[in-house]
Structures are given as C-alpha cells and as structure tokens.
Amino acid sequence: MKHVLVCKVENKPGVLNRISSLFRRRLYNIDSLTVSPTENPAVSRMTIVVDATRTDARIVERNLYKLVNTIEVKDVTDLPAVKRDLALIKVHTNPDTRSEVLNLVDIFRGKVVDVAPSSVIIELTGEVKKIDSFIEVLKEFGIAELVRTGLVAMERGRSDKEVPAVAAAQQVNI
Amino acid sequence: MQQTGAEILWECLLREGVDVVFGYPGGAILPAYDTMTQYDIRHVLVRHEQGATHAADGYARATGKAGVVVATSGPGATNLVTGLANAMMDSIPLIAITGQVAKGVIGSDAFQETDVTGVTLPVTKHNYIVTDVRELASTIREAFHIARTGRPGPVLVDIPKDVQLDRTGFHYPDDPIELPGYRPRTIVPKADFERAIELINGAQRPVVLAGHGIIMSGAVAELRGLVEKADIPVALTLLGIGGLPASHRLCAGMMGMHGEAAVNHAIQEADLLIALGMRFDDRVTGNLKTYAPGAHKIHIDIDPSELNKNVKVDVGIIGDVREVLRELLPHVEKADRSLWLARIDTWLAATRERDILHHDPQGKLWTAHVIVDLWKATAGNAIIVSDVGQHQMWEAQYYRHEEPRSLITSGGLGTMGFALPAAIGAKIGRPDAEVWVIAGDGGFQMTLGELGTVVQEKLPLRIAIINNGFLGMVRQWQEFFYERRYSATPLVNPDFCKLAEAYGIAAFRVDRREDVIPAALRAREVNGPALLNFVVESADSVYPMVPSGADLADMIRRPSQPKAQEVHE
Ligand SMILES: Cc1cc2nc3c(=O)[nH]c(=O)nc-3n(C[C@H](O)[C@H](O)[C@H](O)COP(=O)(O)OP(=O)(O)OC[C@H]3O[C@@H](n4cnc5c(N)ncnc54)[C@H](O)[C@@H]3O)c2cc1C
Ligand SMILES: Cc1ncc(C[n+]2csc(CCOP(=O)(O)OP(=O)(O)O)c2C)c(N)n1
C-alpha cells in the first residue's frame, strides 16, 4: 500500500541523503519525494510516498524519527489531508487535433502554458488519480515529454472542537 | 583570545572530561596533533585505526564513558569503518575525530580525500563536517551529547585541515543543548504502565530477559529489586551478562543460539516475557514465528524503533529502563514462584548431565575446561574481553560473571579482531582491574599488531589465545550443516609464543589440563603483559546450538558421553 509520510527536517546540507539512505538500506523503493522550504527558513518539508505494509511504514516512520535532523514525521495516509501532484505535459498537436486537446484541458481544468506549431505544454494540478487519467487520455495524441513534481500533502485544518491529534513528537503509543 | 581550531578541539575534549584518546596521525590531522602535547590528554598510538576504534569502544564499555578516536583523512578515516559499525550495533558511545582535506579542495579528489561523512553515514548515530571554525566548539559539544544520551552510539566529526588552523574566539557554551530533531523521549502512557503491572502480577511462568540496556543505564540494582520481589528467573543476552550476578539464585544464564538449554525451554514455556533493554536479536529468538508462543510480552526500551520490530509485544514502554523499573517496582507484588523455578531447575539439572565439564577429557585440552580454570585462577574477578567465535561462546557459558562491565565482547557485529585492542581501552579505563583477552587463533591474528601498542603503553594485559588451528566457529557450521567440508577453515599459525617474545612479552604454551591453572597464575605474576598459547582440541563444538532460524527449543545438544571415572569438576 502507498504510504504518504510528511517530514519536517532541519534545512542543512546532507539531510536529504540521510533520509533517502534510510529507505535504501531497507530496500524500499521511494515512489516520490519532494523537498521544499517552509514558513520557517531553518526547516524543510519533505513528502515521501513509499510502497510498504503498515508495519513497515511504522518502522520507517520511527527510523526517520531517529535521525538527529528530523523534527517531525507524520504518516498522513489515513488522515484528512490535501494531497496534490503537478504535471507538465508536452503533447504533439496539429491543426486537426489542437482543438480536441484544448477541449480536454478544459474538462480537466488544466492550463495551457506554452504553444508551439506542433505541440503544447499543459499544466495540471490535482490528485494523483486525476493526473493519471488525464495522461491516459492524452496518450493517443502522442506525449512528447512529461514531468511530475511528485505528491505534496498537508493535513486539513481542524475545527476547534476536535481534539487535536497527539503532537507527533509524543506519538509513542504503539 | 583567538585560538586555532586545533586548540579549540582539545579545549572542548577537556571540557567533556576526556583524558585519553586513541589515534593515529597523518597529514590532514597534523595541526591537531601538533597542539595536542600542550594539553593534559593521554594519546595512545595504535597500530591500525581499526584498533583505535575498538580501544575506544573497550574503554567505553569498561567505564561507561564515551571513548574518543582520532584519525587522519582518507585511509585513516576509512580504517575506522569496522569499529564504528561495531560500536553502532552495540550502542557504544564513541566520538571519532577525523582530519579532512582543506575546504577549498573538497570534492576535487585531493590527496587522501574521502567523503567520510558519506562513507560513515549508515554506521554512525550522527556525523558532522565542520566548515567554519566558529561552529567547532558547539559541534563537538553536540557530538558528545548525541553519543551519550538516549540510545548511545558513535558520532563522527570531520574537520578540514584549514578549519584546524583557522582562528576564532573560544567560548564553550554551557546552556542546555537544544536540537530540534533530537529529543530522547521517555513518556510512559499510564495505560501501558498499568497493563504491565497487571501482567507481571498475574503471571505464573514469567521470565525476565535482561539485556545490554540494563548495564548501560546502570539498572543492576533495580533489576535485582524487581526479580527478587516478584521471584522471577532472569535470562541474559550475551551483552546483558553481568547484569545479574551469575551466582544469584534467580540467574538462569544466557538465552539464545548458544544459551543455556534450560533458559531456552523456559522462554518457550513462559506465560510472560519481560524484556528489559534488549532488542530480540535473531541470535536470541530463533524462529520468530514460533518464539515464546504462549507468552505475553512486555518490552521496555529507550529506542521506540525497537518496539514491535522483531517480536510483537503486548505492552511497549519507551524509556530509560532504570527509571521505568523504579516506577514499576512499588506496584509489583511480592510473589513466590518456586514451582516455576523448580521446573527450570529440572531442565538445568538435565543440562548438567551433558555438560562437558563432567566428561572425561581423554587426555585432551578442551576450551571449556580452559575457561573454567581461568575463572578459578582469576577468582572470577577479571574483566574478560573476548573475541568472536567458539571461544566467545564458551567464555559466556563457563566464565561466571558477577559484575556488570566485566564481560566486554562484540555482539551485534561479531567483529573478529575486537578483543586485543578493546582490552587496551578497557585496561586504560580501569587500570586497577585485572584484564584478560580471550581470543581465537583466527581473530587474534586480525589485530595482533596491537601487541606493539600494549608494549608501548606498558599495559599488563593477560592474553589467552585459544589455539585450535581452525576458524573454529565456521568449522562447526561446516561440520553441522555442510557435511564436514572444511573449506578455508584450517589455519597454519605462527608460533604465538615466539611472536610474543619478539615484542618482549612473556609467553607460556599450555597443552595439558593440569597446566592451565599454574600457567595462568604465573602469567598473573608477570610484571607487564603476558600471553598464553592454549593449544586445544580442534574437533569440538559449542552446544547447545539453535540452528539459524530454527525454533528456540530445537537445540542441537552435546552428545552424551559416558561419565568419566574421575570427575574433573
Ligand atoms: C558468534 C556469536 C554468537 C552469538 N550468540 C548469542 C546467543 O546465543 N545469545 C545471545 O544473547 N546473544 C548472542 N550473540 C550476540 C547477539 O548477536 C546480540 O549482540 C545480542 O543478543 C544483543 O544483546 P542486547 O539486545 O542485550 O544488546 P544490544 O544489541 O546492545 O541492545 C540493547 C538494547 O537496549 C536498549 N537500551 C539502551 N540503553 C537503554 C536504556 N538506558 N534504557 C532502556 N533501554 C536501553 C537499546 O535501545 C537496545 O534495544 C552472539 C554473537 C556472536 C558474535
Ligand atoms: C571480521 C570477521 N570476519 C569473518 C567473520 C566470520 N567468523 C565468525 S567466527 C569465525 C571463526 C573465528 O575463528 P577463531 O578466531 O579461530 O575463533 P574460534 O571460533 O576458533 O574460537 C569467523 C571466520 C567474523 N565474525 N568477523
């Protein structure tokens, strides 16, 4: 099963290496990993998608915690969270197919960000599944190039009445 | 006053209470060596950097303090890898200081440049490269903090040569260390705590599994308090030996692959296992699927990632085992579990029948007999540093350790060559203790160059080589599991006595049982180091043995032999 782990780590050289080395060591394949700055310049945020059983994901989570540079780890797989992926897709077009492609872009609420005589670049943000299906329908026109950012995730805000989840740093129950 | 990085390094070590470092110089660490002599720190020059890591490791295990290693860049630093991995596996607090090429040439394949933080990343608890002399002091301080606290481990600090020469004002911070991502945690949810007490008080056939954590956290008295009050038998891991005196009525002995048969039976029949500071290594559990099937399990460990890693537990408590035991003790009820203890005694009696101590030696010298005699000759009071292999297991079985930190051995990595250098560190850390090396002829030859260090440092070590002419433990596996095809296990050895004499070390050759104790007593009288070459029977195996991956109760047992007329024990 795909697990989505959100890690806050110290923004220091070598930290990405420490994190990825932990997955390599256990022979887990990382599906996607994104790193980016956060509201705090001393902290970077990683969203890691990994294919693992629940037990293995727990073990990975705890080992991530053990790294000195890891501030917080959360498995948001089953939590209410906004999960987004962004794709840039360069599709072959000709005068016959262009309007059809633009039509699909509309349906999927994508954006055309570049137009050339024989291709267009489309930008699409959304859930992984939506992007997957968009790519599927574009295949018949011929995809020249494709890039995806990989998943990023953020837990949804809670109403004040909800009991806050135990701060991740205290999640010691097993 | 401005000081150089090199000076700051030694100032920091002094402030961390370091009085000895184990090291080997070279170009990239020369500035540090150049200023070293101005400081009141003993430097022990080893013969190979691996020896320095094991010496620092032995020092740490013997004293409970962090050991310190110094090495140069490139080959000096890569030679540390085995020793760091060894310390990492057994949670030993070490600080390794390595020189690095100057900042400006890092990444250019400069002479003796190696990406040391990269190479050592998986075998250290944490590592650093210091690129600004102003960060040196706080980094060293953090390194010691990380090495010593929580689950201890090795930390490496790589210092480019120019950083050692750069100057800055020296200030050793004394505020509490705040690392956003490093907070060794000890929060025990109340429910877990109560469930643990309920399980302990309700158990009929409990066994305490006491590990290395008991010794590291100094919980020997607390362990004793718990088991005496609740009348619970104790099984020890290899690294937990000494956690409860071998002579204690509740000490059942070692568990696992080469543990006491009675202990393994007790574990398999238990209705409760209370694991204290041990990590259910595969040498301890055998087949996980059939491990202690009828037992509830309580696991107390400081490292959250150990809980439910190998063995699913009913209650996991994260915390320092000493603190947790102190909290638990008042709630544990006094109990009498003599029925259960008597059952274990029956198993123990059956083991005694098969014990080689009761077998006729047939005129040969057997390692188990050597170990028992060394135990007698030292009155059971020595620190024994064992190497890896058959002799290590016989040591664990037959030397009866009464004190914590009296057995020093490489457990998790099983590093041959560990014993001699580790004993150097142990003797330096505990100069008043009698320190013995017990090593196989194979492992001894991996690091025998350290005899030079022993002599140079004038260390009166007692070195017992168990010379069976084989890589014995591998020979045993070949005998049991590879139809006696002894591929690459026979050894052609030097004359170890002559070798010792070349170093000016007194040496004794022993090949008869009756000479063991007299020779050991003579060796103890030598003013300086002494080496004993015990030429023992090679066709001998360590029993019992749980084959790798087998059920813990499926032990290969020593074949019964007719009892000797004249019992030697
Ligand atoms: C040839 C050979 C044969 C072996 N055969 C056996 C055998 O038959 N039986 C056997 O037992 N071993 C055997 N071993 C050793 C085995 O491989 C392991 O090294 C050993 O079992 C580990 O013991 P441990 O779990 O107590 O210690 P460690 O591996 O050091 O683990 C210590 C545990 O305690 C925890 N801890 C540390 N500090 C604290 C604290 N303050 N509070 C709470 N918890 C803490 C740590 O997080 C860790 O989980 C053998 C090794 C070799 C080389
Ligand atoms: C560095 C290293 N290499 C290989 C091994 C594998 N190994 C484990 S025990 C052993 C044999 C040890 O032989 P010896 O030192 O003579 O001791 P004995 O078993 O005979 O007591 C070997 C080769 C190891 N543990 N460490």
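Residues numbered from 1 in each chain as written. Chains lettered and ligands numbered in written order. Predicted model: local features only at pLDDT ≥ 70, side-chain atom pairs only at ≥ 80, totals over all residues. Heavy atoms only, no water.

### Details of the overall build of chain A
Thought 1: Scanning chain A from N- to C-terminus turns up four helices and nine strands.
Thought 2: Each helix (α) and strand (β) of chain A, taken in turn from the N terminus, gives the series β-α-β-β-α-β-β-α-β-β-α-β-β.
Thought 3: Judged by the C-alpha coordinates and their principal axes, chain A covers about 60 × 40 × 35 Å.
Thought 4: Looking at chain A residue by residue over its 174 residues, the buried ones come to 43%. (Helix = DSSP H or I, 4+ residues; strand = E, 2+ residues; numbered from the N terminus. Buried < 20%, exposed > 50% of the residue type's maximum accessible area, 1.4 Å probe, protein only.)

### Re the domain arrangement of chain B
Interface extent is often summarised as the accessible area lost during association of the parts.
Residues and elements named next belong to chain B.
Thought 1: Taken domain by domain, chain B comprises domain 1 (2-169), domain 2 (190-349) and domain 3 (353-535).
Thought 2: Between domain 1 and domain 2, a total of about 570 Å² is buried, with carbon and sulfur atoms accounting for 57% of that surface.
Thought 3: Scanning the region where domain 1 abuts domain 2 turns up two salt bridges.
Thought 4: Measuring nitrogen to oxygen at the nearest pair gives 2.8 Å for the salt bridge that ties R151 to E306.
Thought 5: For the side of domain 1 that touches domain 2, the per-class residue count stands at three nonpolar, two polar and three charged. (Domains from an automatic or database assignment. Buried area = accessible area lost by both parts, 1.4 Å probe. Salt bridge = Lys/Arg side-chain N within 4 Å of Asp/Glu carboxyl O. Nonpolar A, V, L, I, M, F, W, Y, C, P; charged D, E, K, R; others polar.)

### Quick notes on the site of ligand 1
Residue and element names in this part refer to chain B.
Thought 1: As a structural note, the neighbourhood of ligand 1 is formed by 37 residues, with T237, M255, R279, D301 and D320 the closest of them.
Thought 2: At 3.1 Å, a backbone N or O of G411 approaches an oxygen atom of ligand 1.
Thought 3: Note that an oxygen atom of ligand 1 is positioned 3.0 Å from one of the backbone N or O atoms of G412.
Thought 4: Within the complex, the protein chains bury 97% of what would otherwise be the 1,000 Å² of accessible surface of ligand 1.
Thought 5: Every element with two or more residues in the shell around ligand 1 is listed here: α10 (212-216), α13 (282-285) and α17 (390-398). (Near = heavy atom within 4 Å. Polar contact = N/O pair within 3.5 Å; in protein donor to acceptor, adjacent residues only side chain to side chain. Areas by Shrake-Rupley, 256 points an atom, 1.4 Å probe, with all protein chains shown as cover.)

### Brief notes about helix α11 (residues 220-230) of chain B
Residue and element names in this part refer to chain B.
Thought 1: Of the positions making up α11, those classed as buried are E222, L223, L226, V227 and A230. For α11, the buried positions fall inside an angular range of 120° around the axis, keeping them on one side.
Thought 2: D231 occupies a position one or two residues after α11 and carries a positive phi of about 60°. (Arc of directions from axis to C-beta.)

### Digging into the site of ligand 2
Residues and elements named next belong to chain B.
Thought 1: Neighbouring ligand 2 are 17 residues, the closest being Q390, H391, G414, G443 and G472.
Thought 2: Within the backbone of G414, an N or O atom sits 2.8 Å from a nitrogen atom of ligand 2.
Thought 3: One nitrogen or oxygen atom from the side chain of D441 is found 2.9 Å from an oxygen atom belonging to ligand 2.
Thought 4: Coverage of ligand 2 by the protein chains reaches 76% of its 590 Å² of free accessible surface.
Thought 5: Counting residues per element, the ones that place at least two in the shell around ligand 2 are α17, α19 (441-444) and α21 (472-481).
Thought 6: Its residues placed into classes, the shell around ligand 2 shows seven nonpolar, nine polar and one charged.

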